[in-house]
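In case you want the letters, here they are:
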Amino acid sequence: MKTHAEAMVLASFVADSLALGVHWIYDTKRIAEEFGRVGDLLPPHRGGYHETKRRGEFTHYGDQSFHLLQHLANHGGRFDQEAYARDWRDLFTGYHGYIDQATKATLHNMEKGNPLTASGSSSTDLGGAARIAPLVFRYRDDLDRLVEAVKEQTVLTHSGSGIVDGVLFIARSCYAVLQGATVHEAFTQALDCGIADVDLDLRLNRSVIMEGPSVLQAVREFGQMCAVNAALPGAVYTAIKHADNLEEALIETVMAGGDSAARGMVVGMVLGAALGKEAIPRRWLEGMARCREIEAALKQLS
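Nothing here was measured: the structure is a model prediction, and the numbers come from that model. (Residues numbered from 1 in each chain as written. Predicted model: local features only at pLDDT ≥ 70, side-chain atom pairs only at ≥ 80, totals over all residues. Heavy atoms only, no water.)

Participant: For this particular structure, what's the right way to read the overall build of the protein chain?
Facilitator: In terms of helices and strands, the protein chain carries 17 helices and zero strands. Here the C-alpha coordinates of the protein chain stretch approximately 50 × 45 × 35 Å along the principal axes. Sequence-distant contacts, at least 24 apart, represent 73% of the contacts inside the protein chain between residues at least 6 apart. Of the roughly 12,000 Å² that the protein chain leaves accessible, carbon and sulfur atoms contribute 46%. Here the protein chain contributes 30 positive and 38 negative side-chain charges, whose respective centroids are spaced 4 Å apart. (Helix = DSSP H or I, 4+ residues; strand = E, 2+ residues; numbered from the N terminus. Contact = heavy atoms within 4.5 Å. Areas by Shrake-Rupley, 256 points an atom, 1.4 Å probe, with all protein chains shown as cover. Lys, Arg positive; Asp, Glu negative; His and termini not counted. Charge placed at Lys NZ, Arg CZ, Asp CG, Glu CD.)

Participant: Would you mind going over the packing of helix H9 (residues 163-178) against helix H15 (residues 260-275) with me for this structure?
Facilitator: Each pair of packed helices can be described by the angle between their axes along with the distance between the axes. The contact between H9 and H15 brings their axes to 8 Å, and the two run at 15°. The angle between H9 and H15 places the two elements in the roughly parallel class. The two elements H9 and H15 meet at a crossing, and its hand is right-handed. For the pair H9 and H15, contact is made by Ile 170, Cys 174, Val 177 and Leu 178 and by Val 266, Met 269, Val 270, Ala 273 and Ala 274, respectively. Residue classes in the contact of H9 with H15 are distributed as nine nonpolar, no polar and no charged. (Axes fitted to C-alpha atoms, helices over the stretch in contact; angles between N-to-C directions. Parallel < 35°, antiparallel > 145°, perpendicular 65-115°, else oblique. Left-handed = near helix turned anticlockwise from the far one by under 90°. Nonpolar A, V, L, I, M, F, W, Y, C, P; charged D, E, K, R; others polar.)

Participant: Would you mind going over the nonpolar core with me for this structure?
Facilitator: If you look at soluble globular proteins, the nonpolar side chains tend to sit buried side by side. One finds Met 8, Leu 126, Phe 169, Ile 170, Leu 232, Met 288 and Ile 294 to be the most contacted residues of the largest nonpolar core, which totals 99 residues. Discounting residues that sit within four places of it in the chain, Met 288 has contacts with Leu 10, Phe 13, Val 14, Leu 41, Gly 56, Phe 58 and Ile 294. (Core = buried A, V, L, I, M, F, W, Y, C linked by side-chain atoms within 4.5 Å. Buried < 20%, exposed > 50% of the residue type's maximum accessible area, 1.4 Å probe, protein only.)

Participant: Could you clarify how one ought to interpret the packing of aromatic side chains in this entry?
Facilitator: Where two aromatic rings form a pair, the distance of their centres and the angle of their planes describe that pair. If you walk through the whole model with that rule in mind, you get 10 aromatic pairs. Ring plane angle 80° and centroid distance 6.3 Å describe the contact between Trp 24 and Tyr 61, whose orientation is recorded as edge-to-face. One end of the pair, Trp 24, is in the loop between helix H1 (2-19) and helix H2 (28-35); the other, Tyr 61, is in helix H3 (residues 60-74), and 37 residues separate them in sequence. Ring centres of Trp 24 and Tyr 98 lie 5.5 Å apart, and the angle between their planes is 80°; this geometry places the pair in the edge-to-face category. Placement of Trp 24 in the loop between H1 and H2 and of Tyr 98 in the loop between helix H4 (81-91) and helix H5 (101-111) is noted, with a sequence separation of 74 residues between them. Judged by relative accessible area, Trp 24 falls into the buried class, the value being 15%. Relative accessible area serves as the criterion here: at 22%, Tyr 98 is assigned to the partly exposed category. One aromatic cluster in this structure is built from Trp 24, Tyr 49, Tyr 61 and Tyr 98. Directly above the ring of Phe 137 sits Arg 140, whose terminal nitrogen or CZ lies 4.2 Å from the centroid. (Phe/Tyr/Trp six-rings, centres within 6.5 Å; stacked < 30°, edge-to-face > 60°. Lys NZ or Arg CZ within 6 Å of the ring centre and 35° of its normal.)

Participant: I would appreciate a short explanation of the pattern of salt bridges in the present structure.
Facilitator: Where charged atoms of side chains with opposite charge meet at close range, the side chains can pair. Across all of its chains, the model carries 15 salt bridges by this definition. With a shortest N-O distance of 3.2 Å, Arg 30 and Glu 34 are connected by a salt bridge. Taken as a pair, Arg 30 and Glu 34 lie in helix H2 at a separation of four residues, close to a single helical turn. Among the residues examined, Arg 30 registers a relative accessible area of 30% and is labelled partly exposed. Two residues, Glu 221 and Arg 206, come together in a salt bridge whose shortest N-O distance is 3.0 Å. Within this pair, whereas Glu 221 is found in helix H12 (residues 215-222), its partner Arg 206 is found in helix H11 (residues 198-209), the two being separated by 15 residues in sequence. (Salt bridge = Lys/Arg side-chain N within 4 Å of Asp/Glu carboxyl O.)

Shape is all these values report; function is a separate question.
Written out as C-alpha cells, the structure is:
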C-alpha cells in the first residue's frame, strides 16, 4: 500500500490547490456562473482571502500541511509536539498568505507566554484537522502513534468542541483504508471507535447512511461553513458518494462552495488512499507548484 499512501498525501494537497480558485465563496450559483465547472487549477478569485497566491499554490491549510511534511522530513520522521510548535510559530513570521482567526488566537496566546503546547485557540474549524496527511503517511503502520500524533498536532491550534473527535475519525478512517478496508467500511469502523461529541456523532452517522442527494445538496444540509460538525459530515458523504472517482469527488467538493479546501483535503486523503495515484488527474499534479518537493519529502520518509 506504499503507493496508495503516497497518493493519499498527494490527493490531499491537490484538493487544496483545486479549491484555491473559489475557496470560501458560499454562493454556488455564482461559482457555476463565473467559473463554470471547476475541473482545473485556478488562480484565487479577486476580492477573496488568497489574493497573494498563484495558480497551483495552496491555501493556508495546504501551506501548514506542507510545512508539517517538511518538518517530518527534516527531523528523521519524528514528530515532537513542542519542536513542531516552535516550527509552526516560525512559519507565520512574515507569512504572506491568509492568517485565519485560529492562527491569530494561537499566536497571541504564545506571545502572552503561554506554553507552546497549551496555546491552541478555541476554534472548531475542520482546517485544523484536515492538514494531517503527512502524519498518516509517517505512521501508516502504527495506529497508536498515529492517533497520538494527530491529536497533538491538532490541539496546538484548535481545541474547540468536537475537533479532536474529528481528527481521530479522519486518521482512523485513512488508516483503515490503507489496510484494505473500503471507504464505507473505514468510516463505519472509525465510528465504532466512538465519537464523544454527540452532535458530531449524530451527523457523521447520518452522513454514512444517507443516500440520494447530490454532494451540493448534502453539503448545504450539513453546512458549508468551516466548523467540523458541519464540514466533516459533508466530506464523508462526498467520499462515499464518489468512492470510485476521486476527480469527480473533488470537483463536486469545490462546486458545493464554502470551506471546500478543508473538506477537499479530507476527501482527497480518503480517496487517494483507496484508489491510488492513477486516480489523480495528471494535469492537477503537473499544475501543483510544490509537487516535486512533496514527492521528494515522501521518498525521504519512506
